[in-house]
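Understanding the architecture of this molecule
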Amino acid sequence: MSKKTRVGIIGTGNISIYWAHYPEYKQVDECDISAICDIDTEKLKKVGDELGIPENRRFTDYNDLIACEDVDVVDIATWNSVHCEIAEAAARAGKSFSIEKPVGMNYAEAKHLEKVAKECGVESFVCLSWRYRPYTRYLRYLIENGKAGKLYHINVRCIKDSGLWEGRKREWRFDNERAGSGVLGDLGSHMFDIVHFCGEKFKEVYAKWGIFIKERPSEETGEILPVDTDDWCNITAELESDTSCTIQLSRCATTIPDLVEFEVFGSKGKLRYVHLAGQHTLEFTDAKTKEVEKLTPPAEFNALQSQSFINLMNGIEDEYTAKIHHGLECQAVIDAALLSATENRPVKISEITG
């Protein structure tokens, strides 16, 4: 039996421990969670007890976790502003890493991390999690095999009511110094990656955004503080293929807890994927007959994000694996949209990437 990959998790929030990372790692036979890190000592104790992590492998300083001899690779699920510095520390210690999206606060920071990772010879995995879902993978397969024909329009919606939860405090997502943006980076990263994943590249974007809930109580003191990250962002984009693309992002969509809709219009018809409150549907409407075909992904399109990361650590990589250059592509679109919304003008991706 081969040695298991020992994973150290930095950041013990809901995404890493309860919703995504840890629950998936528990399904992967080839790995163990060996250490955790968080600056919140109460949360560190709670999660450590729940996961059965020994106290000598519970850290408040990420450098100590990275240096731990019982950690082979690092999983980074912190707020955005420290993604790159933690990943760089891991790389310089010779340890490969998985990093949450967006990769960094801006394209230049993420590009520097890519350079460091290459120089240090480590693998760099990015948690662009929608590409590991069977419906998204099947959608890609259908587009690649000409189901919709020549593409004319791509319309994307990622909207939810999470910004309207009663009593939600001014956590890091609402603080520009720690997040860099609101829904643009948080939700937009995934949506940009689906567009990339389905074979398209962004050429130019024009973005508008705004803040509906302008104040929230501090997590620490309860003091009412201003919110300075976007609650919504609408993007009109031109793709390199000349396909038209629109993307709507919002965390203030009243009555909709969680909706992702990806609609592709082509010469042969329309593909429409909908994820609504955990339920998935995929259908094709024929352009000539107008008949609607319900589609279900075959079993070979099933995947786990954490399995893909561990596979990469074991030298197994496939066409779906998201590495740092995929994160960089999304970061460039985020930066272009930020600049567009700030200066109220279309911005070419080349202005960001040089």
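The structure under discussion appears in the preceding block.
A few points on the structure.

What to know about the pattern of salt bridges
If you walk through the whole model with that rule in mind, you get 36 salt bridges. A salt bridge links Arg6 to Asp70; the shortest N-O distance between them is 3.5 Å. Taken together, the positions of Arg6 in strand 1 (residues 5–10) and Asp70 in the loop between helix 4 (62–67) and strand 4 (73–76) put the pair 64 residues apart, joining distant regions of the chain. A salt bridge links Asp193 to Arg131, with the shortest nitrogen-to-oxygen separation between them at 2.8 Å. On the criterion of sequence distance, the pair formed by Asp193 in helix 10 (residues 188–197) and Arg131 in the loop between strand 6 (124–127) and helix 7 (134–144) is long-range, its members being 62 residues apart. Grouping residues by exposure puts Asp193 and Arg131 together as buried. Taken together, the shared-partner salt bridges connect Lys101, Arg168, Glu171, Arg173 and Asp186 into one network.

Re the pairing of strand 14 (residues 269–276)
Sheet analysis places strand 13 (residues 259–266) next to strand 14, joined by eight bridges and oriented antiparallel. Residue pairing for strand 14: Val264 is matched across the bridge by Leu271. Between the antiparallel neighbours strand 13 and strand 14 lie two residues. Joining the antiparallel neighbours strand 14 and strand 15 (residues 279–286) is a turn of two residues, in which Ala277 adopts a positive phi near 50°.

Examining helix 5 (residues 83–92)
The α-helix winds at 3.6 residues per turn, so residues separated by three or four positions along the chain end up facing the same way. The complete set of buried residues in helix 5 reads His83, Cys84, Ile86, Ala87, Ala90 and Ala91. The buried residues of helix 5 occupy one face: seen down the axis, they fall within an arc of 165°. Buried residues belonging to helix 5 abut strand 1, helix 4, strand 4, strand 5 (97–100) and helix 6 (107–120).

Comments concerning unusual backbone geometry
Omega for the bond connecting Lys101 with Pro102 falls within 30 degrees of zero, at -15°, which places this linkage in the cis form. Looking at the element boundaries, Pro102 is found in the loop between strand 5 and helix 6. We note that Ala277 has phi near 50°; this positive angle belongs to a residue other than glycine. Positive phi is not limited to glycine here, since Asn344 has a value of about 55°. Structurally, Asn344 can be placed in the loop between helix 12 (324–343) and strand 17 (347–348). In this structure Asn344 comes out as partly exposed when scored by relative accessible area, which is 44%.

Some words on the packing of helix 6 against helix 12
Where helix 6 meets helix 12, the closest approach of the two axes is 9 Å, and the angle between their N-to-C directions is 170°. Comparing the axis directions of helix 6 and helix 12 gives the class roughly antiparallel. Considering the relative orientation of helix 6 and helix 12, their crossing is left-handed. Where helix 6 abuts helix 12, its residues Tyr107, Ala110, Lys111, Leu113 and Glu114 lie against Ile324, His325, Leu328, Gln331, Ala332 and Asp335. Residue classes in the contact of helix 6 with helix 12 are distributed as six nonpolar, two polar and three charged.

Observations regarding the packing of aromatic side chains
As enumerated under the stated definition, the model contains ten aromatic pairs in all. With a centroid separation of 5.3 Å and 45° between ring planes, the pair formed by Phe125 and Phe309 is classed as tilted. Separated by 184 residues along the polypeptide, Phe125 in strand 6 and Phe309 in helix 11 (residues 305–313) bring together distant segments of the chain. Here Phe125 falls in the buried class, since its relative accessible area comes to 1%. For Phe309, a relative accessible area of 1% translates into the label buried. Among the aromatic residues, those joined into a ring-pair cluster are Phe125, Tyr132 and Phe309. The cationic tip of Arg178 hangs over the ring face of Trp79; the distance from NZ or CZ to the ring centre is 4.7 Å.

A word on the sheet that holds strand 3 (residues 58–59)
Whenever strands of a sheet pair, they do so through backbone hydrogen bonds, lying parallel or antiparallel. Reading across from one edge, 3-2-1-4-5-6 is the order of the six strands in this open sheet, with parallel pairing throughout. Because the sheet does not close on itself, it has two edges, and the strands there are strand 3 and strand 6. Of the pairings in the sheet, the one linking strand 1 to strand 2 (residues 31–37) comprises six bridges and is parallel in character. Within strand 2, the residue paired with Val7 across the bridge is Ile33. On top of the sheet, helix 5 reaches strand 1, strand 4 and strand 5; it is set at about 180° to strand 5, its chief contact.

Quick word on a nonpolar patch on the surface
A surface patch of nonpolar side chains, amounting to about 370 Å² of accessible area, comprises Tyr18, Trp19 and Trp165. Along the chain, the position of Tyr18 falls in helix 1 (residues 14–19). Judged by its relative accessible area of 35%, Tyr18 falls in the partly exposed class.

Focus: the nonpolar core
Ranked by size, the top nonpolar core spans 101 residues in total, and within it Phe97, Phe202, Ile235 and Phe262 carry the most contacts. By residue number, the principal contributor to this core is helix 12, which donates ten residues. Aside from chain neighbours lying at most four places away, what touches Phe262 is Leu139, Ile154, Asn155, Val156, Ile194, Val195, Cys198, Leu271, Arg272 and Tyr273.

The rules behind the values
- Residues numbered from 1 in each chain as written.
- Predicted model: local features only at pLDDT ≥ 70, side-chain atom pairs only at ≥ 80, totals over all residues.
- Heavy atoms only, no water.
- Salt bridge = Lys/Arg side-chain N within 4 Å of Asp/Glu carboxyl O.
- Helix = DSSP H or I, 4+ residues; strand = E, 2+ residues; numbered from the N terminus.
- Buried < 20%, exposed > 50% of the residue type's maximum accessible area, 1.4 Å probe, protein only.
- Pairing = 2+ DSSP bridges.
- Arc of directions from axis to C-beta.
- Contact = heavy atoms within 4.5 Å.
- Axes fitted to C-alpha atoms, helices over the stretch in contact; angles between N-to-C directions.
- Parallel < 35°, antiparallel > 145°, perpendicular 65-115°, else oblique.
- Left-handed = near helix turned anticlockwise from the far one by under 90°.
- Nonpolar A, V, L, I, M, F, W, Y, C, P; charged D, E, K, R; others polar.
- Phe/Tyr/Trp six-rings, centres within 6.5 Å; stacked < 30°, edge-to-face > 60°.
- Lys NZ or Arg CZ within 6 Å of the ring centre and 35° of its normal.
- Patch = residues over 30% accessible without salt bridge, like charges linked within 9 Å, V, L, I, M, F, W, Y side chains within 5 Å.
- Areas by Shrake-Rupley, 256 points an atom, 1.4 Å probe, with all protein chains shown as cover.
- Core = buried A, V, L, I, M, F, W, Y, C linked by side-chain atoms within 4.5 Å.

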